Amino acid sequence: MIPELGHYALVLALALGLVQAIVPLAGARWHDTALMRLGSSTASMQFVFVAVSFLALTACYVTSDFSVSSVFENSHSQMPLIYKVTSVWGNHEGSMLLWVLILSLFGALVALFGNNLPETLKANVLAVQYWIACAFYHFILLTSNPFLRLAQAPLEGRDLNPILQDIGLAIHPPLLYLGYVGFSIAFSFAIAALIEGRIDAAWARWVRPWTLAAWMCLTVGIAMGSYWAYYELGWGGFWFWDPVENASLMPWLAGTALLHSAVVMEKRNALKIWTLLLAILAFSLSLIGTFLVRSGVLTSVHTFASDPKRGVFILAILVLFIGGGLTLFAWRAPMLKQGGLFAPVSREGALVFNNLFLTTACLTVFVGTLYPLALEALTDEKISVGAPFFNLTFAPLFIPLMFAMPFGPLLAWKRGDVLGVAQRLMAAFAAALLAIAVTFVVTGMSSALAPFGIGLALFVMAGALTDLVERTGLFRLPLATARMRAAGLPRSTWGTAVAHFGIAVTLFGIVCQTWASERIVALKPTQTVELAGYDLTFDGMVQHAGPNFRELAAKFTVRSGGVPIGVMEPSKRSFASRGTTTTEAALMTRGVSQLYLSLGDTNDDGSIAVRLYHKPMVLLIWLGAVVMMLGGGLSLSDRRLRIGAPKPATKSVLQPAE
Amino acid sequence: MNRKQRRLILIGSSLGVLAIAAALVLSALRDSIVFFNSPTDIAEKHPGPGTRMRVGGLVKPGSLQRGDNLQIRFDVTDGKSEVPVRYQGIVPDLFREGQGVVAEGKLEPSGIFVADTVLAKHDERYMPREVVDALKKTGRWQEGETQGSMPAGDKPK
């Protein structure tokens, strides 16, 4: 009964979506307020129906209703409740349902909070949003129905993939989707602007909070996924340049560019057409990411060709929305009015620089991700493009970007003085040089490049602080005045500084991994191994029983300078339901550095293979992303975004009759 | 500067950055990509020793030997040809005789493939696609075995 209810609710959402996709658009065309307002109510109702559908599926998982095919495939009655819930989106069908849930959530939020939007823009945005939704409702209902029943209900499910039985699955995919799918709003706004043929600074102010919210979620979502891979996969890496990871990185790069170009548009009414294009591209890359992950094309180009139903469907959605969006752009964008002028050296110029490097870096990731697929499809030649490729292409593009970062916020709008800014950054330069020197002294010549990476990170951090010091007049003016000026600073200024500081923190953490140490040894009980000043003694093996697995753990006592500081228990878990084992690494956090232990095979002579890492400053990689998100949050809470944008100064001649 | 000049500067610098990026991508594609070979490819093409490559197939049952210091040796087979592989370190959880494997490293003049990486995948039901294709070529893979399931040992769908 419950699965049918969920299925039916989804069909109803589709029916409403079809109304939603057409009626407000017609209303905007004929300036019929009633028709336009219909969009707001259907948007909220649709969200309710999709939510009902999602809850119904969750109920099936929680009650372990194995008559539902996807529950049977991905759940087990003995799993802890949290994993029963998370396995809803731990598979293809359920994750697509989560996708549309978030899509309709954003639509409903626009309907609820978009009261200050011009009526026609709001109607068009909601209509476009539900073109996308309808495409994906069809995709789910026709090719990936999560409510499909089995003729005979099995007694037990096949269990969730043990690697996914982790708290990471509860956090990472929903956040990632909030980011990914959140860019659909920017896309809808861009298409709506093209349909109306009018775009102005106010448009950028309406789009920015949505993009910012999506970007924040995506930033933390990617970081969370990276941390999850780090501790779950057992080989200590935090980023593998895997196509699945690149699929989320590309929208992030384009979205970051969009955030910055929208600032230019809002403040200076320039870069309008470029901002529109970026809004279309950011969501297009999200769609491409969905295609890469969901179509099976990564597993095998040939499997994709031989089982084309899902893949071709997503490919069709891709072509329809990306192709349609870009065609509309090519047709309508030249009709939009030109924006303001600015000198190459100016805040605008710096933001253009940012956009140029971000989009180019995005392009290299795109090439590195899709080239192997294209090559294989065309020539049958199989290659792998991994970290070496991206280190040679992505990194050189990110270095100038990071270096320019402190300059941007200090440059004046319209026409800037780069020498003056360089003077004000003297303290930051000095900090960076000092950091480079200190790093060389402390680490010796172990790496020639890494100290410069540390210097760059310090430069960006100090640059972000310089910006705040300059604006508040700290050290120049009396403290009380500075404090008053700090309180008076727009939150978005704080947001910029904090977010820039955050990316530098991440960079710092990444560069520090140059000095990570690793040892792989075979140990017998009571033997001790030394790593980075820590002594680890292997005490012996212990057995645990989990709710649906058995665990064989190796107990290690960790000593620093002879003093015991803790116990680490890396383990292997074996899951009877799938006959598989997973390796659970043990982590010990010391400040922001970590000791990392993971187990290998047991040898015939009773020794056990152990992989030990010392990862200096490793937590900064992910903490930096959290700082970036906080920066985004500060910016989002800025007064001018909170109270909404004023109506454009020049009203168009054709206003809907009230 | 008028609008036209400014636009020229903008377009010029964009093209400059793009050209640099293109040069980086092309040089990286020449030097840092790794080709995949099946054991049969190696037997037929005789790639020069010292070239970095990946080799993939099944771990031949009965061929796995463990030595001191976490040394292991095994043969990778695609049903037609075999390549002996040497590796030192910890192999992933899913590394077993009869299962698919992808190793990355270099071929020695003696014909032994010295791997520095033995690949683990996120998902244990995930057969490395290179291995699937290599097995298909030698007819050891049936189309009925859909993506996501192992050729042996997994429950039937």
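It should be emphasised that the depicted structure is a prediction, and the values quoted were computed from it without experimental measurement.

About the thresholds
Residues numbered from 1 in each chain as written. Chains lettered and ligands numbered in written order. Predicted model: local features only at pLDDT ≥ 70, side-chain atom pairs only at ≥ 80, totals over all residues. Heavy atoms only, no water. Helix = DSSP H or I, 4+ residues; strand = E, 2+ residues; numbered from the N terminus. Buried < 20%, exposed > 50% of the residue type's maximum accessible area, 1.4 Å probe, protein only. Contact = heavy atoms within 4.5 Å. Areas by Shrake-Rupley, 256 points an atom, 1.4 Å probe, with all protein chains shown as cover. Core = buried A, V, L, I, M, F, W, Y, C linked by side-chain atoms within 4.5 Å. Pairing = 2+ DSSP bridges. Domains from an automatic or database assignment. Axes fitted to C-alpha atoms, helices over the stretch in contact; angles between N-to-C directions. Parallel < 35°, antiparallel > 145°, perpendicular 65-115°, else oblique. Left-handed = near helix turned anticlockwise from the far one by under 90°. Nonpolar A, V, L, I, M, F, W, Y, C, P; charged D, E, K, R; others polar. pLDDT = per-residue confidence, 0-100. Polar contact = N/O pair within 3.5 Å; in protein donor to acceptor, adjacent residues only side chain to side chain. Expected span 1.5 Å × (residues − 1). Bend = angle between axes of the 7 residues up to and from the residue. Phe/Tyr/Trp six-rings, centres within 6.5 Å; stacked < 30°, edge-to-face > 60°. Lys NZ or Arg CZ within 6 Å of the ring centre and 35° of its normal.

(A) Representation of the overall build of chain A. Assigned secondary structure in chain A consists of 22 helices and 11 strands. Seen through its C-alpha atoms, chain A measures out along the principal axes to roughly 85 × 75 × 55 Å. A burial count over chain A gives 60% of its 658 residues as buried. The long-range fraction of contacts in chain A, counting pairs at least 24 apart against all pairs at least 6 apart in sequence, stands at 73%. Per element, the accessible surface of chain A, about 25800 Å² overall, is 68% carbon and sulfur.

(B) Representation of the overall build of chain B. A tally of regular secondary structure across chain B gives three helices and seven strands. Of the regular secondary structure in chain B, the N- to C-terminal order runs α-β-α-β-β-β-β-β-β-α. Per-residue burial for chain B yields a buried fraction of 43% across its 157 residues. Contacts in chain B between residues at least 24 apart in sequence constitute 52% of all its contacts with a sequence separation of at least 6. Looking at chain B as shown, the accessible area adds up to about 8100 Å², and 54% of this sits on carbon and sulfur atoms.

(C) A look at the nonpolar core. Residues and elements named next belong to chain A. Trp99, Phe189 and Trp203 are the most contacted members of the largest nonpolar core, which has 162 residues in total. Here this core takes 16 residues from helix H8 (residues 201–232), the largest share from any one element. Not counting the four nearest positions on each side in its chain, phenylalanine 189 is found in contact with Leu117, Leu121, Val125, Trp203, Trp206, Val207 and Trp210. If you look at the next biggest cluster of nonpolar residues, it comprises 19 residues, including Val521, Leu531, Met568 and Ala586.

(D) The arrangement of the pairing of strand E5 (residues 82–88) of chain B in detail. Residues and elements named next belong to chain B. The two faces of E5 differ: Val83, Val85 and Tyr87 on one face are buried, but Glu82, Pro84, Arg86 and Gln88 on the other face are not. Note that strand E4 (residues 71–77) and E5 share seven bridges and pair antiparallel. Across the sheet, arginine 73 pairs through a bridge with arginine 86, a residue of E5. Following E4, the chain reverses through four residues before pairing antiparallel with E5; glycine 79 in that reversal takes a positive phi of roughly 95 degrees. Alignment of E5 against strand E7 (residues 113–118), held across three bridges, turns out to be parallel. Within E7, the position partnered with valine 85 by the bridge is phenylalanine 113.

(E) Summary view of the domain arrangement of chain B. Domain assignment breaks chain B into domain 1 (1–33) and domain 2 (35–121). The distance between the C-alpha centroids of domain 1 of chain B and domain 2 of chain B comes to 41 Å.

(F) Representation of the sheet that holds strand E11 (residues 608–615) of chain A. All names here are of chain A. The strand order E2-E11-E10-E9 describes an open sheet built from four strands, whose pairing is antiparallel. With one partner strand each, in any of the chains shown, strand E2 (517–523) and strand E9 (586–590) form the two edges of the open sheet. Ignoring which end each strand starts from, the neighbouring axes of this sheet average 15 degrees apart. With seven bridges connecting them, E2 and E11 associate as antiparallel partners. The partner of valine 521 across the bridge, within E11, is valine 610. In the packing of H8 onto the sheet, contacts are made with E9, strand E10 (593–602) and E11, and the angle to E10 comes to roughly 45 degrees.

(G) How the structure looks around the packing of H8(A) against helix H21 (residues 619–636) of chain A. Residue and element names in this part refer to chain A. Interaxial distance between H8 and H21 falls to 9 Å at its minimum, and their mutual angle equals 165 degrees. Classified by the angle between their axes, H8 and H21 sit roughly antiparallel to one another. Regarding H8 and H21, the two cross each other, and that crossing is left-handed. Between H8, through Arg208, Pro209, Leu212, Ala213, Trp215, Met216, Thr219, Val220, Ala223, Ser226, Tyr227 and Tyr230, and H21, the contact on the second element is made entirely by Leu619, Trp622, Ala625, Met628, Met629, Gly632, Gly633, Ser635 and Leu636. A class-by-class count of the residues in the contact of H8 with H21 yields 15 nonpolar, five polar and one charged.

(H) Geometry of the confidence of the model for chain B. All names here are of chain B. On average, chain B scores 76 in pLDDT, and the residues at 70 or more come to 75%. Here helix H3 (residues 129–137) stands out as the element of chain B with the lowest mean pLDDT, 64, in contrast to E5, whose mean of 91 is the highest. Here residues 122–126 is a poorly scored stretch, pLDDT under 50, and it has 22 contacts once near neighbours within four places are set aside; other chains count. Scored by ipTM, the complex comes to 0.79, with pTM at 0.91.

(I) Main features of the pairing of strand E6 (residues 563–568) of chain A. Residue and element names in this part refer to chain A. As paired strands, strand E5 (residues 550–560) and E6 are joined by five bridges and run antiparallel to one another. Within E6, the residue paired with phenylalanine 556 across the bridge is methionine 568. Between the end of E5 and the start of E6, which pair antiparallel, lie two residues, with glycine 561 showing a positive phi angle near 60 degrees.

(J) The arrangement of the side chain of Thr143(A) in detail. Residues and elements named next belong to chain A. Positionally, threonine 143 belongs in helix H6 (residues 119–143). The exposure class assigned to threonine 143 is buried, which follows from its relative accessible area of 11%. At a separation of 2.8 Å, a polar atom in the side chain of threonine 143 contacts the main-chain carbonyl oxygen of phenylalanine 139. A polar contact of 2.9 Å, which involves the side chain of threonine 143, links it to the side chain of serine 144. When residues no more than four places from it in sequence are discounted, the contact partners of threonine 143 are His138, Lys309, Arg310 and Phe313.

(K) Summary view of the environment of Ala214(A). Assignment of secondary structure puts Ala214(A) in helix H8. Placed 35 residues apart in sequence, Ala214(A) and Leu249(A) show a C-alpha to C-alpha distance of 13 Å.

(L) Spotlight on the confidence of the model for chain A. Mean pLDDT over chain A: 89, with 95% of residues reaching 70 or higher. Across residues 649–658 of chain A the pLDDT falls below 50, and counting only partners more than four positions away or on other chains, this stretch makes eight contacts in the model.

(M) How the structure looks around helix H14 (residues 387–404) of chain A. Spanning 18 residues, H14(A) covers 25 Å between terminal C-alpha atoms, matching the ideal 26 Å at 1.5 Å per step. Maximum bend of H14(A): about 30 degrees, positioned at Phe394(A), with proline Pro396(A) one to four residues after it. Within the span of H14(A), buried status applies to Phe389(A), Phe390(A), Thr393(A), Phe394(A), Leu397(A), Phe398(A), Leu401(A) and Met402(A). The inward-facing, buried residues of H14(A) contact helix H9 (243–268), helix H13 (347–379), strand E1 (383–385), helix H18 (450–472) and helix H20 (491–512) of chain A together with helix H1 (3–31) of chain B.

(N) Spatial organisation of the side chain of Gln513(A). Within the element layout of this structure, Gln513(A) appears in the loop between H20 and E2. Ignoring sequence-local partners within four residues, the contact set of Gln513(A) consists of Phe238(A), Lys615(A), Pro616(A), Met617(A), Val618(A) and Ile621(A).

(O) Local environment of helix H2 (residues 33–62) of chain A. All names here are of chain A. When the terminal C-alpha atoms of H2 are compared, their 44 Å separation across 30 residues agrees well with the 44 Å that a helix rising 1.5 Å per residue should span. In this structure aspartate 32 caps H2, since a side-chain oxygen of it lies 2.9 Å from the backbone nitrogen of alanine 34. Positive backbone phi, approximately 50 degrees, marks serine 64, located one or two places after H2.

(P) Main features of the packing of aromatic side chains. Residue and element names in this part refer to chain A. Here the structure, examined in full by the defined rule, presents 30 aromatic pairs over all chains. On the basis of an interplanar angle of 90 degrees and a centroid distance of 6.0 Å, the ring pair of tryptophan 239 and tryptophan 241 is categorised as edge-to-face. Ring centres of tryptophan 241 and phenylalanine 394 lie 5.3 Å apart, and the angle between their planes is 65 degrees; this geometry places the pair in the edge-to-face category. Here tryptophan 241 is found in the loop between H8 and H9, whereas its partner phenylalanine 394 is found in helix H14, with 153 residues between them in sequence. For the pair tryptophan 241 and phenylalanine 394, one class covers both residues: buried. Every member of this aromatic cluster is reached through a ring pair, and the members are Trp99, Phe136, Phe139, Phe187, Phe283, Phe313 and Phe321. The aromatic ring of tryptophan 331 is capped on one face by arginine 332, whose charged end is 5.1 Å from the ring centroid. The ring of tyrosine 613 carries the charged tip of lysine 615 above its face, separated from the ring centre by 4.8 Å.

(Q) Spatial organisation of the packing of helix H10 (residues 272–294) of chain A against H13(A). Residues and elements named next belong to chain A. Packing of H10 against H13 brings their axes to within 13 Å, and their N-to-C directions diverge by 25 degrees. Regarding the angle of H10 to H13, the classification is roughly parallel. Two packed elements cross with a definite hand, and for H10 against H13 that hand is left-handed. Taken together, the residues of H13 that come into contact with H10 (itself represented by Trp274, Leu278, Leu285, Ile288 and Leu292) are Asn355, Thr359, Cys362, Phe366, Thr369, Leu370 and Leu373. Of the residues belonging to the contact of H10 with H13, the class tally is nine nonpolar, three polar and no charged.

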